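Coordinates in review
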Amino acid sequence: MVKSSKHVAQSYKLAQAQYADFGVDVDTAMSKLATIPISLHCWQGDDVCGFEDAGEGLSGGIAVTGNYRGKARTPEELRADLDKAISLIPGKHRLNLHAFYGEFGGKKVDRNEIRPEHFKNWIDWAKAKGMGMDFNPTCFSHPKAAEGFTLSHPKKSIRDFWVDHCIASREIGAHMGKILGSPTVTNIWIPDGYKDTPVDRLSPRQRLSESLDRVFAKKLNPKFHLDAVECKLFGIGSESYVVGSHEFYMGYAIKNQKVLCLDAGHFHPTEGIADKLTSALMYVPEILLHVSRGVRWDSDHVVTLDDALQSIAAELVRNKLLARTHIGLDFFDASINRIAAWTIGTRNTLKALLMALLEPAAIHDAEKSGDLTSRLALMEESKSLPWGAVWDAYCESQNVPAGRDWLDEVKHYENTVLSKRI
Ligand code: RNT
Ligand code: ZN
């Protein structure tokens, strides 16, 4: 059932008045929301497979489960699926690409040989939409990562290979940023670690630090390119030790003034990343968020509108951190329609930001004046303000479906396009 625009407009009017009562201007919140880009991760569309010929399975302590029909098998299909998702998400966003999604024309191009030309179609696609792009070296799903170590591998020849891959990735990122006129964040995540307890926890970290120094040796213009590093607590097969831990990268990013990537699923199961933002941003220049959802041992479930997500959005807005934060998504689910997964996760991230932008200033005033009773009371009361009506109006103003109407479009696409991919 298509929700009538009339209902959206009526509910919006009432919501506007209710928010005004709280001193909140909903139009200002919507205009601000329209300026926040979310970097959509290409890898939700094909279960983190990529387009190399090698036929290596997914490795590196991450796993995709499910076998939902219609996974993208070619760059063209992946771009078409992204187009569909983008048409259902309000605002102007970015594309986050992994290195093994290059287009190699059927040739064997190893990871250390990738060049900007292998990404031309992606860049052209983004340019035509006025989108920026972000990038990632792919340090997994490769024979030289099969021993579970890459940049910190004890063998120099293997480290060298991954250093070269990361250097090539930075050059590609800088090229994208230059062509698209917006800095590309190239994020390094490596799977390195041990399943069981190591005795030497130090040497791999020393090697990682050295490798990173080599990767970052060449200065790139921050107008076009930024470097990020991503930590993790544990992965599948690296339960006992991960070389690139939080403390490791926090230290490295501070020392070298790199962008620190915080993935919401990369900490202890009950540990949120919201409270880390103001601390980390005192010492690192910028943050990259991997908006994700950990569930038990998996770090990458589709993002729901849960407390963790709302806390992250609230921290960014309340502390005016948006200008120094790059928001990207990182989840992969093959058990549901993949375009729905993108749409749900991205819309939820935007909803959380909208809720934060609609927060009454009176809550801040109460805290400043030491009236902690009012702070709690207003915080709780504001939770039942009609943000959903503002969201629907925002979607309509951005020409995308309001409410659940986007689902009909995904179902239609599934029946007419995805079901034909056998
Ligand atoms: C893995 C990291 C990393 C990957 C992507 C594919 O745990 O979160 O960001 O998900 O690079
Ligand atoms: Zn991540």
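All of the points below concern the structure found in this document.

Reading the values: the criteria
Residues numbered from 1 in each chain as written. Chains lettered and ligands numbered in written order. Predicted model: local features only at pLDDT ≥ 70, side-chain atom pairs only at ≥ 80, totals over all residues. Heavy atoms only, no water. Helix = DSSP H or I, 4+ residues; strand = E, 2+ residues; numbered from the N terminus. Expected span 1.5 Å × (residues − 1). Buried < 20%, exposed > 50% of the residue type's maximum accessible area, 1.4 Å probe, protein only. Arc of directions from axis to C-beta. Polar contact = N/O pair within 3.5 Å; in protein donor to acceptor, adjacent residues only side chain to side chain. Contact = heavy atoms within 4.5 Å. Donors = N, O, S within 2.8 Å, 3.2 Å for Na, K, Ca; no water. Near = heavy atom within 4 Å. Areas by Shrake-Rupley, 256 points an atom, 1.4 Å probe, with all protein chains shown as cover. Nonpolar A, V, L, I, M, F, W, Y, C, P; charged D, E, K, R; others polar. Axes fitted to C-alpha atoms, helices over the stretch in contact; angles between N-to-C directions. Parallel < 35°, antiparallel > 145°, perpendicular 65-115°, else oblique. Left-handed = near helix turned anticlockwise from the far one by under 90°. Phe/Tyr/Trp six-rings, centres within 6.5 Å; stacked < 30°, edge-to-face > 60°. Lys NZ or Arg CZ within 6 Å of the ring centre and 35° of its normal.

1. Section: helix H1 (residues 5–21)
With 17 residues, H1 should reach 24 Å at 1.5 Å per residue; the first-to-last C-alpha distance of 24 Å fits that figure. The complete set of buried residues in H1 reads Val8, Tyr12, Ala15 and Tyr19. Along the axis of H1, the buried residues cluster in a sector spanning 70°; they form a single face. Exposed and facing more than 90 degrees away from the buried side of H1 are Lys6, Lys13, Leu14 and Asp21.

2. Examining the side chain of Glu103
The residue Glu103 is located in the loop between strand E2 (94–98) and helix H4 (120–129) in this model. Here Glu103 falls in the buried class, since its relative accessible area comes to 16%. Reaching out from Glu103, the side chain makes a polar contact with the side chain of Arg79 at a distance of 2.9 Å. Polar contacts involving the side chain of Glu103 include one to the side chain of Asn121, which spans 2.7 Å. Apart from the residues within four sequence positions on either side, Glu103 is in contact with Pro75, Glu76, Arg79, His118, Asn121 and Trp122.

3. What to know about the coordination of the zinc ion (ligand 2)
Distances from the zinc ion (ligand 2) to its protein donors, Glu230 (OE), Asp263 (OD), His290 (ND1) and Asp330 (OD), fall at 2.1 to 2.2 Å. Read in sequence order, the donor residues for the zinc ion (ligand 2) give the motif E-x32-D-x26-H-x39-D. Within this pair, whereas Glu230 is found in strand E6 (residues 225–230), its partner Asp330 is found in the loop between strand E12 (325–329) and helix H10 (338–357), the two being separated by 100 residues in sequence. Like Glu230, the residue Asp330 is buried in the burial classification.

4. Thoughts on the environment of Ser211
Within the secondary structure, Ser211 is located in helix H6 (residues 203–215). Given the relative accessible area of 1%, Ser211 is considered buried. Each C-alpha atom, one on Ser211 and one on Val163, is 6.3 Å from the other, the two residues being 48 residues apart in sequence. If we skip the residues at most four places from it in the chain, Ser211 touches Leu151, Arg159 and Val163.

5. Side note on the site of ligand 1
As a structural note, the neighbourhood of ligand 1 is formed by Trp43, Ile62, His98, Trp189, Glu230, Lys232, Asp263, His266, His290, Asp330 and Phe332. Residue Asp263 places a side-chain N or O atom 3.0 Å away from an oxygen atom belonging to ligand 1. Contacts to ligand 1 include Asp330, whose side-chain N or O atom sits 2.7 Å from an oxygen atom. Protein burial of ligand 1: of its 310 Å² of free accessible surface, 99% is covered by the chains. Broken down by class, the residue content of the shell around ligand 1 amounts to four nonpolar, three polar and four charged.

6. Section: unusual backbone geometry
With the exception of glycine, the majority of residues adopt a negative phi angle, and the majority of peptide bonds are in the trans configuration. Positioned with a positive phi, Arg296 is a non-glycine residue whose angle comes to about 50°. Inspection of the secondary structure puts Arg296 in the loop between strand E10 (293–295) and strand E11 (298–301).

7. Section: the packing of H1 against helix H13 (residues 387–397)
H13 packs onto H1 with a crossing angle of 130° between their chain directions and a minimal axis gap of 8 Å. Taken as axis vectors, H1 and H13 run oblique relative to one another. Seen from above, H1 lies across H13 with left-handed handedness. In contact with Ser5, Val8, Ser11, Tyr12, Ala15 and Tyr19 of H1, H13 contributes Trp387, Ala389, Val390, Asp392, Ala393 and Glu396.

8. Quick notes on the environment of Tyr252
Relative to the helices and strands, Tyr252 resides in helix H7 (residues 246–256). Those residues in contact with Tyr252, other than ones at most four positions away along the chain, are Ser209, Leu212, Asp213, Phe216, Gln257 and Lys258.

9. A few points about the packing of aromatic side chains
Applying the stated criterion to the full structure yields 13 aromatic pairs. Between Phe51 and Tyr101, the ring centres sit 5.4 Å apart and the planes meet at 85°, which makes this aromatic pair edge-to-face. Of this pair, Phe51 sits in the loop between strand E1 (38–41) and helix H3 (75–86) while Tyr101 sits in the loop between E2 and H4, placing them 50 residues apart in sequence. Looking at Tyr101, the relative accessible area reads 0%, which means it is buried. Aromatic side chains Phe248 and Tyr249 sit 5.1 Å apart centroid to centroid with 85° between the ring planes, which places their arrangement in the edge-to-face category. For the pair formed by Phe248 and Tyr249, the shared burial category is buried. Following the ring pairs from residue to residue traces out a cluster consisting of Phe51, Phe100, Tyr101, Phe140 and Trp189. Sitting over the face of the ring of Phe216, Lys258 holds its NZ or CZ atom 4.3 Å from the ring centroid.

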